[in-house]
Amino acid sequence: MDTVSQTIRSWNMSRIRSRDTIPERTVRSLLHRMGFRFRLHSRLPGRPDIVLARCRTVILVHGCFWHRHETCQFAYKPKTRKRFWRSKFSANIARDRVVQADLRKQGWRVVVVWECELRNMERLAKRLAAKLKRYADVASAPKD
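Residues numbered from 1 in each chain as written. Predicted model: local features only at pLDDT ≥ 70, side-chain atom pairs only at ≥ 80, totals over all residues. Heavy atoms only, no water.

Trainee: Can you explain the packing of aromatic side chains? Please cite residues and give values.
Mentor: Any aromatic ring pair is given by two values, namely how distant the centres are and how the planes are angled relative to each other. The tally for this structure, following the rule as stated, stands at 7 aromatic pairs. On the numbers, 5.2 Å between centres and 90 degrees between planes, the contact of Phe65 with Phe89 is edge-to-face. Of this pair, Phe65 sits in helix α3 (residues 64-67) while Phe89 is found in helix α4 (residues 82-105), placing the two residues 24 residues apart along the sequence. A centroid spacing of 5.1 Å and a plane angle of 75 degrees characterise the contact between Phe84 and Trp85, whose relative ring orientation is edge-to-face. (Phe/Tyr/Trp six-rings, centres within 6.5 Å; stacked < 30°, edge-to-face > 60°. Helix = DSSP H or I, 4+ residues; strand = E, 2+ residues; numbered from the N terminus.)

Trainee: Describe the sheet that holds strand β3 (residues 57-62), naming the residues involved and giving the relevant values.
Mentor: With mixed pairing, the 4 strands of this open sheet are ordered in space as β1-β2-β3-β4. A single partner strand is all that each edge strand has here, and the edge strands are β1 (39-40) and β4 (109-114). Bridge count between β1 and strand β2 (residues 50-52): 2 bridges; the pairing is antiparallel. What sits directly across from Arg39, in β2, is Val51. (Pairing = 2+ DSSP bridges.)

Trainee: An account of the pattern of salt bridges is requested, with residue identities and associated values reported.
Mentor: Scanning all chains against the criterion turns up 4 salt bridges. The residue Glu24 makes a salt bridge to Arg28 at a minimum N-O spacing of 3.4 Å. Separated by 4 residues within a single helix, Glu24 and Arg28 lie in helix α2 (residues 22-33), roughly one turn from each other. With relative accessibility at 14%, the residue Arg28 sits in the buried group. The salt bridge involving Arg127 is made with Glu117; its shortest N-O contact spans 3.0 Å. Residue Arg127 is located in helix α5 (residues 121-140), and its partner Glu117 is located in the loop between β4 and α5; the two are separated by 10 residues in the primary sequence. For Arg127, a relative accessible area of 26% gives the class partly exposed. (Salt bridge = Lys/Arg side-chain N within 4 Å of Asp/Glu carboxyl O. Buried < 20%, exposed > 50% of the residue type's maximum accessible area, 1.4 Å probe, protein only.)

Trainee: Describe in detail the side chain of Thr57, supporting the description with residues and values.
Mentor: Relative to the elements of secondary structure, Thr57 occurs in strand β3. Of note is the side chain of Thr57, whose polar atom sits 2.9 Å from the backbone oxygen of Cys55. Here Thr57 is in contact with Ile50, Val51, Leu52, Trp108, Arg109, Val111, Leu132 and Tyr135, once residues within four sequence places are set aside. (Polar contact = N/O pair within 3.5 Å; in protein donor to acceptor, adjacent residues only side chain to side chain. Contact = heavy atoms within 4.5 Å.)

Trainee: With reference to specific residues and values, describe α4.
Mentor: Helix length check: α4, at 24 residues, gives a terminal C-alpha distance of 35 Å against a target of 34 Å (1.5 Å per residue), a fit within 8%. Listing the buried residues of α4 in full gives Trp85, Phe89, Asn92, Asp96, Val99, Gln100 and Leu103. Elements in contact with the buried residues of α4: α1 (6-14), β3, α3 and β4. Looking one or two residues beyond α4, the residue adopting positive phi is Gly107, at roughly 90 degrees. (Expected span 1.5 Å × (residues − 1).)

Keep in mind these values describe shape, not function.
Pasting the structure below:
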């Protein structure tokens, strides 16, 4: 049983942002400090959070709860309305797979940053630097 009324629950859920979230802004700040320039919310499939055109790379910043990060403590299962949540999470996961496949078909590299990774910014910075440097090297390599 929910502890708040349906009106309050609806209001609470309406406050959950879909863009410019704190995790997104944190990743953008990190990338900017690392010297990367990017576009936001491009009209590519799935509206990627961050687009690094020079590297042909998109970064998707996923919340562990909503996108079901496996083995993550934040991807807990709600105890009420189990059928609803199971359906919701399945649809989110399926949509994520389709979006990533569409982006790859269009020649984009996809990097997923999970919300829980923001707890260790140093490790995240190293991971992003390694991936993006490799992608930038590939993108800037002369074509025969």
